[in-house]
Amino acid sequence: MERIMKRAASATTEGGRADDNFHTALQRIRAHHKYTHLTLEFLRENHIPIVFLDGSATAEGVWRQLSAIGRMMRPAVKRRPPRK
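Residues numbered from 1 in each chain as written. Predicted model: local features only at pLDDT ≥ 70, side-chain atom pairs only at ≥ 80, totals over all residues. Heavy atoms only, no water.

Caption draft 1: Broad picture of the overall build of the protein. If you tally the helices and strands in the protein, you get four helices and zero strands. Listing each helix as α and each strand as β along the protein from the N terminus yields α-α-α-α. Out of the 84 residues belonging to the protein, those deemed buried represent 11%. For the protein, the proportion of contacts with a sequence separation of at least 24, taken over those separated by at least 6, is 16%. On the protein, roughly 7,700 Å² of surface is accessible, and the fraction owed to carbon and sulfur atoms is 59%. (Helix = DSSP H or I, 4+ residues; strand = E, 2+ residues; numbered from the N terminus. Buried < 20%, exposed > 50% of the residue type's maximum accessible area, 1.4 Å probe, protein only. Contact = heavy atoms within 4.5 Å. Areas by Shrake-Rupley, 256 points an atom, 1.4 Å probe, with all protein chains shown as cover.)

Here you go:
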C-alpha cells in the first residue's frame, strides 16, 4: 500500500500509473488475497509443495533462493526417458 501511495504522489513528476490511488490499491490487495488464498488452498488439498520466496531481495538473492529450491526439489522430479 505504501509503495502504491508513494508512486501516486510522484506520478506527476515521474509518470506513475493513472490508477494509483487508495481505492484502487485496496481493490488490488483484496484481489491478491482472495486469489492467493484459493490457489494455496488448492495446492495444499492436492499435496503440492508450496515454496515462499522473498521477492524484496536483490536479483542475486532471489536467484540464490530459486537455486536452493531447485536443488531441494530435484529428487522429487521424475525424469522421463529420452525420446527415440
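Caption draft 2: Spotlight on the confidence of the model for the protein. Per-residue confidence for the protein gives a mean pLDDT of 82; residues scoring 70 or more make up 77%. Taken element by element, the protein is modelled with least confidence in helix α2 (residues 11-14), mean pLDDT 60, and with most confidence in helix α4 (residues 59-73), mean pLDDT 91. (pLDDT = per-residue confidence, 0-100.)

Caption draft 3: Broad picture of α4. Its 15 residues give α4 an end-to-end C-alpha distance of 21 Å, which sits within 8% of 21 Å, the value for a rise of 1.5 Å per residue. Among the residues making up α4, those that are buried are G61, V62 and I69. Burial along α4 is one-sided: seen end-on, the buried residues are contained in an arc of 100°. For α4, the exposed residues lying more than 90 degrees away from the buried face are A59, E60, W63 and R71. (Expected span 1.5 Å × (residues − 1). Arc of directions from axis to C-beta.)

Caption draft 4: Region of interest: the pattern of salt bridges. Per the counting criterion, the structure on display carries one salt bridge. Close ionic contact of E60 with R64 constitutes a salt bridge, the shortest N to O distance being 2.8 Å. Taken as a pair, E60 and R64 lie in helix α4 at a separation of four residues, close to a single helical turn. (Salt bridge = Lys/Arg side-chain N within 4 Å of Asp/Glu carboxyl O.)

Caption draft 5: Examining unusual backbone geometry more closely. Its identity is not glycine, yet H47 carries a phi of approximately 55°, on the positive side. If you trace the backbone, H47 turns up in the loop between α3 (22-45) and α4. Under the relative-accessibility criterion, H47 is labelled exposed at 72%.

Caption draft 6: Molecular detail of a nonpolar patch on the surface. Taken together, the side chains of V51, L53, W63, L66 and M72 define a hydrophobic patch exposed on the protein surface, amounting to about 510 Å² of accessible area. Within the element layout of this structure, M72 appears in helix α4. With a relative accessible area of 54%, M72 lands in the exposed category. (Patch = residues over 30% accessible without salt bridge, like charges linked within 9 Å, V, L, I, M, F, W, Y side chains within 5 Å.)

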